There are 2 protein chains.
Amino acid sequence: MARGFVTAEEVAKKAGVSRSAVSRTFTPGGSVSKAVRRKVLKAAQELGYRVNRLAQGLNNDRSNLIGVVGANLSSPFISKQLDLLSIGLLRRGLQCLLLNAADARKDIAPLIELLFEFRAQAIVVLSGEPPASIVDECIANGVRLILINQRLDRTDTNMVLSDDSHGADLAAMRLVAAKCRKVAVVSSGSQTPAQLRRAGAFTQRMTVEGIEVVPWSGGPTSYDSGYQAGRELLADKSIDGAFCVTDLLALGFMDAARLEMGRRVPEDISIVGFDDIPQAGWKSYQLTTVAQSFDALTEKVLTALDSDEPETRLQVVPVSMVERITAR
Amino acid sequence: MARGFVTAEEVAKKAGVSRSAVSRTFTPGGSVSKAVRRKVLKAAQELGYRVNRLAQGLNNDRSNLIGVVGANLSSPFISKQLDLLSIGLLRRGLQCLLLNAADARKDIAPLIELLFEFRAQAIVVLSGEPPASIVDECIANGVRLILINQRLDRTDTNMVLSDDSHGADLAAMRLVAAKCRKVAVVSSGSQTPAQLRRAGAFTQRMTVEGIEVVPWSGGPTSYDSGYQAGRELLADKSIDGAFCVTDLLALGFMDAARLEMGRRVPEDISIVGFDDIPQAGWKSYQLTTVAQSFDALTEKVLTALDSDEPETRLQVVPVSMVERITAR
DNA sequence: GTGAAAGCGCTAACAT
DNA sequence: ATGTTAGCGCTTTCAC
C-alpha cells in the first residue's frame, strides 16, 4: 500500500466528476463530453495520473503482456530475433515479458507457468521445447503459444520455422558444386531439433550424392565449439568441405582451419554455414551461408499473435543461399 | 472476461474451505494447518489453479515487474548485458518487462511512462538518457531508477557505470608503450555520454603525453562504422595507433586496416578497443582491449534494486586491460 | 452524457 | 487456524 501513484478517484475529485467519467476519458471508445474530458485531462495532467494497467487487465482480462522465453540471449541469432520481436510487439501496443531460460536444455515449463500467473495473452518460445502438458494448458487457458524453429508433432499450436531441410539441401548442393569429396557436418552437443533437421537433411542428401560425410557434434552452440570441431576434424587431411549447422560454429571452425590447421579457405576447404548472423558478413570471414530471414520470421510470429486461422498454424519461412567467399 | 483461468474462489469451493484459506496456502508466510493446506493444494492441482499476479500486485502494490529499456538489443554489448540481467532478475523472483527503444537516440520518456502504467517497481535503463522530468517522476512515485553507463548530474538516482576515464587512460598508456606517434580515436556518430567520456579522457591523456590525436566519429555504433573509419583515416600513412571506443568499432577498423588498407597489426598499427565483447577474443582478431566487467555491472544493478543506501547511488565498476595481440 | 453500483481476483485486518 | 469483511484501481452495466 501507500505508494506514490495517483488514482482515478483522486482525479475525479479534483475534476469534480465521477470516477467513471475519468475511466471513460481514458478508454478509447468512451463516451464523454468535450467539456468533461477536458476537465479530466487537466486534472490528470496536474496530478500526474496514469492508468494502472494491472487493474485494467484484471478487469477486462487483457493483460497486454506477451511472454517471451528464450535461452542464450546474447547469442547473435537469438538476440537479433529478440530485438526485432520486441520492437514489433511494442509497435502493436503489446508488452514483452522476458523470461531467460539461461540454458536451452533447461526445462522451460516453470517459466511458462510463471507467465500463466501473469496472465500473459500469448507466449513466444525462442528456444527450448515445452512439454506436451504445457501446450495443452495453453490451449485450455486460451493462451496462444508460438514456437520458433521448433516443430512439434501437433496441429493445435503455432509454429514458425525456417525451412531447415531445404536450407541443408542448398548447403549440400553448394558443396557438391565445390567438388568436395569428403565433408564434415558439425553441430553442437545440445542437439536442438533445428540442428538435427539440418544435419539430417544434409547427410541424407550427401549420401544420395555419394559423398562421404563425417559428423561431429559437441559443446554448446558457440564459436569455441566450432573451433574445437575444426581442430579435431582437420587432423584428417582428406576433408575438403564442411557444413556447420550454425554460423557461430562455422566461424570458429573457419578460424581453426585457417589459423591453426593451416588450411586455406576456400582453396583447401569449402565451408558453408547457416543463419547469416551479422558476423558472417564481416570482412575477415565473408562466410557463404544459408540465410534465415529474421524479418520474415518475426513478421510471421507477429501475425500469428492475432490471427486464429487454423491453416496458418505451421508457417515455414523460406531460406536462401548467401554466396560469399568460403565455398569454391 | 470469460477466460479459462481458475480462480481462488473455485478452488475454495472445491476444497470446502474459505477463499482466504486458499490465499494463505499460496502465501509464503501464511498460517494454515497441514490438513487444509493439503486439501487446497489438491483442489488447486486438479483444477489447474495458479495465482493471478496481476490481482496480487494490485493488492499489495508490488507488481514484481522490473522495467528494462534498451536500444540495439542485438549488439553484442547490450545483449550480453540483457542476458545477465534477465537471469539475475529471474533468480530474485522478479520479472523483466522489456521495452525496446529501437534506437538509442530516440526519446525513452514514453517508454518509461508505459512502465509507470504497469507499476514497475524499478526501471533499468541500458541505453538512452531519460529527461530530468522523468527522473523526478520516478522519485516522486517511488520507482527506483537505475542507469547503466550513464552519468547524470544528480545524486538522487542510481547509476552503475564502468570507469570509462580510467579505461581510456589505460588505453592511452598502452599506445604510449607501443611507441605510437600519431593515433586515431574513433567513436560513433551517436555520441553517447560513455563514448564521449572515453574519447575525451583518451585525448586529454595523449595531449599530455605530447602525442598527436586524430579524432574520427560517424555512423551508428557498428562494425561498419569502424570499417569506414579505417578506410578514411588510414589514407594518412603516418597514423600508427588507434583507440576505438567500442570493440565493435575496433573490429571493423582492424579489418579495414589489414584487409583493405594494407596495414599489418600490430607491426604497422596498434589497435586498442573497449568493452571486451566475445568477438574480441575470436582468433581472427585477438583484440587488445579494455574490459568492462559484465558480471560486476550486473551485480551492482541487482544490488541497487533492493538496497537504498544513498552512498551507493553512484557505483563505478573498475575496468581492466586485456592484453591480446593488436598492440605492439 | 453521466453517476451509482457491482465486480475483476486477490490480500490483509479483524474477529472468532 | 480459520472465516468474514473490506478494500486494491479499474471497467462496465444500469439507470437516469
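The name an unreviewed UniProt entry gives chain A is LacI family transcriptional regulator, with Bradyrhizobium lupini HPC(L) as the organism.

Lining the immediate environment of DNA strand D, one finds 24 residues, of which Ala8, Ser23 and Asn59 of chain A together with Ser20 and Ser33 of chain B sit closest. Near the protein, meaning within 4 Å, the atoms of DNA strand D are sugar or phosphate in a fraction of 56%, with bases accounting for the rest. Within the backbone of Ala8 of chain A, an N or O atom sits 2.5 Å from a phosphate oxygen of DNA strand D. Asn52 of chain A has a polar backbone atom sitting 3.3 Å from a phosphate oxygen of DNA strand D. Elements that contribute at least two residues to the surface near DNA strand D include exactly helix 2 (19-25) and helix 4 (53-60) of chain A together with helix 2 (19-25) and helix 4 (53-60) of chain B. Among the elements that take part in the surface near DNA strand D, helix 2 of chain A stands out by supplying 4 residues, more than any other. Across the surface near DNA strand D, the residue classes break down as 9 nonpolar, 11 polar and 4 charged.

Looking now at the relation of the copies chain A and chain B. Under the fitted operation, chain A is carried onto chain B by 0.1 Å of movement along the axis and a turn of 180 degrees, and the coordinates agree to an RMSD of 0.2 Å. The superposition of one copy onto the other is thereby described by a two-fold rotation axis. Relative to the rotation axis, the closest C-alpha in chain A is found at Leu97 of chain A, a distance of 2.3 Å.

Residues and elements named next belong to chain B. Read from one edge to the other, the open sheet built from 6 strands follows the order 7-6-8-9-10-12, with strand pairing classed as mixed. The outermost strands of the open sheet, each flanked by one partner alone, are strand 7 (212-217) and strand 12 (320-322). Pairwise comparison of adjacent strand axes, ignoring direction, gives a mean angle of 20 degrees for this sheet. Of the pairings in the sheet, the one linking strand 10 (residues 288-291) to strand 12 comprises 3 bridges and is antiparallel in character.

Residues and elements named next belong to chain A. This model, assessed by the stated rule, comprises 0 disulfides over all chains. In this structure Cys138 is a free cysteine whose sulfur lies 16 Å from that of Cys96, the closest cysteine sulfur available. Judged by its relative accessible area of 1%, Cys138 falls in the buried class.

All right, on to the packing of helix 6 (residues 109-117) of chain A against helix 7 (residues 132-140) of chain A then. Each pair of packed helices can be described by the angle between their axes along with the distance between the axes. Residue and element names in this part refer to chain A. One way to put it is that helix 6 packs onto helix 7 with a least axis distance of 10 Å and a crossing angle of 15 degrees. Taken together, helix 6 and helix 7 sit at an angle that is classed as roughly parallel. The two elements helix 6 and helix 7 cross, and the hand of that crossing is left-handed. Residues Ala109, Ile112, Glu113 and Phe116 of helix 6 lie in contact with helix 7, whose contacting residues are Ile134, Glu137 and Cys138.

Turning next to helix 8 (residues 164-177) of chain A. The terminal C-alpha atoms of helix 8 of chain A lie 20 Å apart, and with 14 residues this matches the ideal 20 Å at 1.5 Å per residue to within 8%. Of the residues one or two after helix 8 of chain A, Lys179 of chain A is the one with positive phi, at around 60 degrees.

Attention now moves to the interface of chain A and chain B. Listed as interface residues are 64 residues of chain A and, on the opposing side, 64 residues of chain B. For the pair chain A and chain B, the summed buried area comes to about 5900 Å², and 59% of that belongs to carbon and sulfur atoms. Run the count over chain A and chain B and you get 6 salt bridges. With a closest N to O distance of 2.6 Å, Glu113 of chain A and Arg50 of chain B form a salt bridge. Our enumeration of links across chain A and chain B arrives at 27 residue pairs in polar contact (both at pLDDT 80 or more). Broken down by secondary-structure element, the contributors of at least two residues to the side of chain A that touches chain B are helix 4, helix 5 (76-91), strand 2 (95-100), helix 6, helix 7, helix 10 (223-233) and helix 11 (247-260) of chain A. For the side of chain A that touches chain B, the element with the highest residue contribution is helix 5 of chain A, accounting for 8 residues. Here the residues of the side of chain A that touches chain B sort into 33 nonpolar, 17 polar and 14 charged. Note: strand 2 of chain A against strand 2 (residues 95-100) of chain B, 3 bridges, orientation antiparallel.

Below, the discussion takes up the environment of Ile269 of chain A. Examined against the element boundaries, Ile269 of chain A turns out to sit in the loop between helix 11 and strand 9 (270-275). Distance from Ile269 of chain A to Ala242 of chain A, taken between C-alpha atoms, is 7.4 Å for residues 27 residues apart in sequence.

Close contacts around DNA strand C come from 23 residues, with Arg24 and Ser33 of chain A together with Ala8, Ser23 and Asn59 of chain B the closest. Considering the 4 Å shell around the protein, atoms of DNA strand C inside it are sugar or phosphate in 60% of instances. Tyr49 of chain B has a polar side-chain atom sitting 2.7 Å from a phosphate oxygen of DNA strand C. Taken together, the elements giving at least two residues each to the surface near DNA strand C come down to helix 2 and helix 4 of chain A together with helix 2 and helix 4 of chain B. Tallying contributions element by element places helix 2 of chain B first for the surface near DNA strand C, with 4 residues. For the surface near DNA strand C, the per-class residue count stands at 9 nonpolar, 11 polar and 3 charged.

Reading the values: rules and limits
Residues numbered from 1 in each chain as written. Chains lettered and ligands numbered in written order. Predicted model: local features only at pLDDT ≥ 70, side-chain atom pairs only at ≥ 80, totals over all residues. Heavy atoms only, no water. Near = heavy atom within 4 Å. Polar contact = N/O pair within 3.5 Å; in protein donor to acceptor, adjacent residues only side chain to side chain. Helix = DSSP H or I, 4+ residues; strand = E, 2+ residues; numbered from the N terminus. Nonpolar A, V, L, I, M, F, W, Y, C, P; charged D, E, K, R; others polar. Least-squares fit on C-alpha atoms with pLDDT ≥ 70 in both. Pairing = 2+ DSSP bridges. Axes fitted to C-alpha atoms, helices over the stretch in contact; angles between N-to-C directions. Disulfide = S-S within 2.5 Å. Buried < 20%, exposed > 50% of the residue type's maximum accessible area, 1.4 Å probe, protein only. Parallel < 35°, antiparallel > 145°, perpendicular 65-115°, else oblique. Left-handed = near helix turned anticlockwise from the far one by under 90°. Contact = heavy atoms within 4.5 Å. Expected span 1.5 Å × (residues − 1). Buried area = accessible area lost by both parts, 1.4 Å probe. Salt bridge = Lys/Arg side-chain N within 4 Å of Asp/Glu carboxyl O.

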